[in-house]
Amino acid sequence: MKKINSIEQYQSQYEKSVENPESFWAEKAENFNWIKKWDKVLEWEFNTPKIEWFIGGQLNITENCLDRHLESRGNQTAILWEPNDPTEQAIEITYNELHNRVCSFANVLKRNGAKKGDRICLYMPMTPELAIATLACARIGAIHSVVFAGFSARSLEDRIKDATCNIIVTADGGYRGAKTIELKTIVDKALETCPSIKKSIVLKRTGGEVNMKTGRDVWLHEELNQVDNICPAEKMNSEDELFVLYTSGSTGKPKGVVHTCGGYMVYAEYSFRNVFQYQEGDIYWCTADIGWITGHTYIVYGPLLAGATTVMFEGVPTYPDAGRFWEICDKHNVNLFYTAPTAIRALQARGNQFVNPYSLSSLRVLGSVGEPINEEAWHWYNDKIGKGNCPIVDTWWQTETGGIMISPLAGITALKPSYATLPLPGIQPCLVDSDGNEIEGNDVQGNLCIKFPWPSMIRTTYGDHDRCKQVYFSTYKGKYFTGDGCRRDEDGYYRITGRVDDVINVSGHRFGTAEIEAAIDEHENVVETAVVGFPHDIKGQGIYAYAICHSQPTDMDTFIKEVNKTVIEFIGPIAKPDKILIVSGLPKTRSGKIMRRILRKIAEGDVSNLGDTSTLLDPSVVEEIKTSAGLG
Ligand code: 7RM
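Residues numbered from 1 in each chain as written. Predicted model: local features only at pLDDT ≥ 70, side-chain atom pairs only at ≥ 80, totals over all residues. Heavy atoms only, no water.

A.B. asks: Honestly, the pairing of strand E28 (residues 509-512) in this entry has me stumped. Any pointers?
C.D. replies: Residue alternation in E28 divides its side chains into two sets, His509 and Phe511 and Arg510 and Gly512, and both sets are buried. Inspection of the sheet shows strand E27 (residues 503-506) paired to E28 by four bridges, in the antiparallel sense. Residue pairing in the sheet places Val503 in a bridge with Gly512 of E28. Connecting the antiparallel pair E27 and E28 is a turn made up of two residues, with Ser507 showing a positive phi of about 50°. (Buried < 20%, exposed > 50% of the residue type's maximum accessible area, 1.4 Å probe, protein only. Helix = DSSP H or I, 4+ residues; strand = E, 2+ residues; numbered from the N terminus. Pairing = 2+ DSSP bridges.)

Have a look at this one:
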């Protein structure tokens, strides 16, 4: 498939995509295997919302990830798996083998009662079986719901219930650095209250002791002995659901973002190939976990659709030491490398002695995703890792967008540190002011919206279409609202400035402040909490919690430990607050709304200008909080 190869071509493609989106996307979609071609490219309306791409078309995404490549690259490595423990053997899985293993796994799912349209929860470590299970669901038309294996039993339970999953695939345990996580024990706890789950299929990874419930729990390796590797791909309509993936918003529980088969496939491949400028034979490594959207689109689907070799890493960047990423790059001759700013900052902080031993000479393109990348980290990444000759693609996108929206095309777009630069062809961003008016021209700032559909956009929030409408399509009429603030500079380049809603981004992971507050409120001594984000050197944003207690804790260290334990129980270790301040009141307006703006200022340590406090019910609480925070 051809890709854009110059800035002039980018511009002409961009113009074409705006002038005639349907013929633009039809041309991209031609490159895939369709069981039946579409009748109409697009129907849309952002009010309901209703978004349909490649209407009437039929396909199976796994035929396009696997079967389509067998003749030309059956013996090429599809997945190159690097284990947590560097002394354990890496595993290369060819396209032929991957095809066979996906088909076998699909037959295991069927044997255990899975049918087209079922929701199947995947709660697994970063082993090849996770990618295989994902594709096996898609093979039989079941909707996968991958839950990051760092989430707690409660979070898992909420997600299983919301999507009424009937099967869960998990493992006895998982390795992450020096730690072993007992996944099966967590699943057992979650399943106590999830009657919809009829079967749990368990991968043996650690060999640890687990409980197997007769009639419900089966071992994957035993099941695989009972099936063959022939599994025809289920015929899917373009708009049939491919997966649901839970993500946090400013209110309520995490919502299930739904993506569908046809449009997602077309955009995943197109964006992967163009942003990274993928060349046949490249070794590509995205360090994300498949539990996040980045892993879905740019470990599994995008690279496999393009016929690439995708590296999958089980471990963490700092195990056994902070040179692990660079060791793996050299070991597997990685050409395209995609990671998160938080990892870059954490590794930079450990010192260059962890980078210097490695040549990194195979690298050609570096990518960044998940949060704004600060200039210091950008330059270190550029100089120390890219040796000044690897373009950095700072890719802005969201779970809801399915694929990269605003990003340089590697080697084509002129870069500007901390700028995501320009929209991909087919993407029509706009900035709006607080009254909802579009801000035209350059050198301006506003709330980032998208005013025209793209193939991989969110279709609904699982089981609650009205929530999708309210959250994304109601703030600004006729536009998709991203929740991000953004600047467009004098060159028309976009720079994402961060969330403008009550979502905080901790190490590239999204949390709603309300969600963390609800968890902390579960502590028996906590009356009420307000949570805000504050700038954090490594994580991007840290979590700052203000808590009102029934009685002053006798020992602050013990109290903090208990609150952490509560948060770990209700969400997971990644949502632990960095700071907890006990206060006797919260700054509320007369209508009872917490003025987070003030709490953010205090968390930042900047109380020089707290802005307008005249609407506060009781201004004295602010003085008191300032004093408790040591800023009085
Ligand atoms: C892919 C992903 C989405 C939120 C988004 C932004 C922030 C992501 C960038 C970024 C600045 C970037 N999906 N974000 N990428 N901010 N520059 N390159 O992260 O759903 O988990 O998060 O992440 O705030 O709205 S996500």
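A.B. asks: Would you take a moment to explain the sheet that holds strand E22 (residues 438-439) for this structure?
C.D. replies: Pairing between the strands of a sheet is mediated by backbone hydrogen bonds and can be parallel or antiparallel. Taken together, five strands build an open sheet; the order of strands is E22-E21-E23-E25-E26 and the sheet is antiparallel. Only two strands of the sheet have a single partner each, and these edge strands are E22 and strand E26 (494-499). The pairing of strand E21 (residues 429-432) with E22 spans two bridges and is antiparallel. The residue bridging Leu431 from the neighbouring strand is Ile439, located in E22.

A.B. asks: Help me understand the pairing of strand E6 (residues 119-122), please; the structure alone is not making it clear to me.
C.D. replies: As a general feature of sheets, a regular strand has side chains that alternate between the two faces. Where burial is concerned, the two faces of E6 agree: the one with Arg119 and Cys121 and the one with Ile120 and Leu122 are both buried. Of the pairings in the sheet, the one linking E6 to strand E7 (residues 143-146) comprises four bridges and is parallel in character. Bridge pairing in E7 links Cys121 to Ser145. For the crossover from E6 across helix H5 (residues 128-140) to E7, the handedness is right-handed. (Right-handed = clockwise from strand over helix to strand, strands pointing away.)

A.B. asks: Explain the sheet that holds strand E16 (residues 283-286) here, please?
C.D. replies: As summarised here, the arrangement of the seven strands in space is E5-E4-E17-E16-E18-E19-E20, forming an open sheet in which the pairing is mixed. Single-partner strands in this sheet number two, and they are strand E5 (91-94) and strand E20 (392-395). Adjacent strand axes in the sheet meet at a mean angle of 20° when their direction is disregarded. With three bridges joining them, E16 and strand E17 (residues 309-313) adopt parallel strand pairing. Looking across to E17, one finds that Ile283 is bridged to Thr309. The strands touched by helix H4 (residues 95-111) within the sheet are strand E4 (77-82) and E5, with E5 carrying the most contacts at an inclination of about 85°. (Axes fitted to C-alpha atoms, helices over the stretch in contact; angles between N-to-C directions. Contact = heavy atoms within 4.5 Å.)

A.B. asks: Any chance you could explain the site of the ligand here in plain terms?
C.D. replies: If you check the shell around the ligand, you find 17 residues, and the closest are Asp394, Thr395, Thr399, Asp484 and Arg510. Take Glu371: an N or O atom from its main chain is 3.4 Å from a nitrogen atom of the ligand. In this structure, an oxygen atom belonging to the ligand sits 2.6 Å away from a side-chain N or O atom of Thr399. Coverage of the ligand by the protein amounts to 95% of the 520 Å² it exposes when considered alone. (Near = heavy atom within 4 Å. Polar contact = N/O pair within 3.5 Å; in protein donor to acceptor, adjacent residues only side chain to side chain. Areas by Shrake-Rupley, 256 points an atom, 1.4 Å probe, with all protein chains shown as cover.)

A.B. asks: I tried to follow the environment of Ser614 on my own but got confused; where do I start?
C.D. replies: By the element assignment, Ser614 lies in the loop between helix H17 (596-604) and helix H18 (620-628). Between the C-alpha atom of Ser614 and that of Lys387, which follows or precedes it by 227 residues, the distance is 53 Å. Here Asp612 takes part through its side chain, which lies 2.6 Å from a polar atom of the side chain of Ser614.

A.B. asks: For this particular structure, what's the right way to read the environment of Gly367?
C.D. replies: Structurally, the position occupied by Gly367 is in strand E19 (residues 365-369). As for Gly367 and Lys161, which are separated by 206 residues in sequence, their C-alpha atoms are 35 Å apart.

A.B. asks: What is the right way to look at the packing of helix H3 (residues 61-73) against H4 in this model?
C.D. replies: Any two packed helices are characterised by the angle at which their axes cross and by the distance between the axes. Where H3 contacts H4, the axes come no closer than 9 Å and their chain directions differ by 150°. The pairing of H3 with H4 is recorded here as roughly antiparallel in orientation. Crossing hand, H3 versus H4: left-handed. Each of Cys65, Leu66, Asp67, His69, Leu70 and Arg73 in H3 lies in contact with H4, whose residues at this interface are Tyr95, Asn96, Leu98, His99 and Val102. Per-class residue counts for the contact of H3 with H4 are six nonpolar, three polar and two charged. (Parallel < 35°, antiparallel > 145°, perpendicular 65-115°, else oblique. Left-handed = near helix turned anticlockwise from the far one by under 90°. Nonpolar A, V, L, I, M, F, W, Y, C, P; charged D, E, K, R; others polar.)

A.B. asks: Sorry, what's going on with the packing of H5 against helix H10 (residues 293-305) here?
C.D. replies: Two elements in contact, H5 and H10, have axes separated by 10 Å at closest approach and are oriented at 65°. What the angle tells us is that H5 and H10 run roughly perpendicular. Classified by chirality, the crossing of H10 by H5 is right-handed. The segment H5 lies against H10, with Ala131, Thr134, Leu135 and Ala138 engaging Val300, Tyr301 and Leu304. Grouping the amino acids of the contact of H5 with H10 by side-chain chemistry returns six nonpolar, one polar and no charged.

A.B. asks: Would you mind going over helix H6 (residues 153-162) with me for this structure?
C.D. replies: Note that an α-helix has 3.6 residues per turn; residues three or four places apart therefore point the same way. Every buried residue of H6 is accounted for by Ala153, Ser155, Leu156, Glu157, Arg159 and Ile160. On its buried side, H6 packs onto E6, strand E8 (167-171), helix H7 (183-191), strand E14 (241-247) and helix H16 (556-570). Downstream of H6 by a residue or two, Thr164 has a phi angle that is positive, lying close to 35°.

A.B. asks: Looking at this structure, how should I read the pattern of salt bridges?
C.D. replies: As a working rule, side chains carrying opposite charge can pair if their charged atoms are close by. Taken as a whole, this structure holds 40 salt bridges when the rule is applied. Two residues, Lys451 and Glu438, come together in a salt bridge whose shortest N-O distance is 2.9 Å. Here Glu438 lies in strand E22 and Lys451 lies in the loop between strand E23 (444-450) and strand E24 (460-461), a separation of 13 residues in the sequence. The partly exposed category is assigned to Lys451, whose relative accessible area is 31%. In this structure Glu438 comes out as partly exposed when scored by relative accessible area, which is 29%. The residue Arg499 makes a salt bridge to Asp501 at a minimum N-O spacing of 2.6 Å. Owing to a relative accessible area of 24%, Arg499 belongs among the partly exposed residues under this scheme. One network of salt bridges, with partners in common, ties together Glu82, Arg324, Glu327 and Lys331. (Salt bridge = Lys/Arg side-chain N within 4 Å of Asp/Glu carboxyl O.)

A.B. asks: What's the story with the packing of aromatic side chains in this structure? I'm lost.
C.D. replies: The tally for this structure, following the rule as stated, stands at 40 aromatic pairs. Ring geometry for Phe151 against Trp292: centres 5.8 Å apart, planes inclined by 70°, an arrangement best described as edge-to-face. Of this pair, Phe151 sits in the loop between E7 and H6 while Trp292 sits in the loop between E16 and H10, and the two are 141 residues apart along the sequence. Of the two residues, Phe151 and Trp292, neither departs from the other in class, the shared state being buried. Where Trp285 meets Phe313, the ring centres are 5.8 Å apart and the plane angle is 85°; that geometry is what we call edge-to-face. With a gap of 28 residues between them, Trp285 in strand E16 and Phe313 in strand E17 connect regions that are remote in the sequence. You can call Phe313 buried: its relative accessible area is 4%. Among the aromatic residues, ring-to-ring pairing joins Phe24, Trp25, Trp34, Trp38, Trp53, Phe54, Tyr267 and Tyr270 into one connected group. (Phe/Tyr/Trp six-rings, centres within 6.5 Å; stacked < 30°, edge-to-face > 60°.)

A.B. asks: I tried to follow the nonpolar core on my own but got confused; where do I start?
C.D. replies: Formed by 164 residues in total, the largest nonpolar core has its most connected members in Leu98, Leu109, Phe276 and Tyr301. Among the elements that make up this core, the one with the highest residue count is helix H9 (residues 261-276) (ten residues). Excluding residues within four positions of it along the chain, Leu109 makes contact with Ala114, Ile120, Ala136, Cys137, Ile140, Ile167, Val169 and Ile201. If you look at the next biggest cluster of nonpolar residues, it comprises 27 residues, including Ile283, Val355, Leu363 and Tyr381. (Core = buried A, V, L, I, M, F, W, Y, C linked by side-chain atoms within 4.5 Å.)

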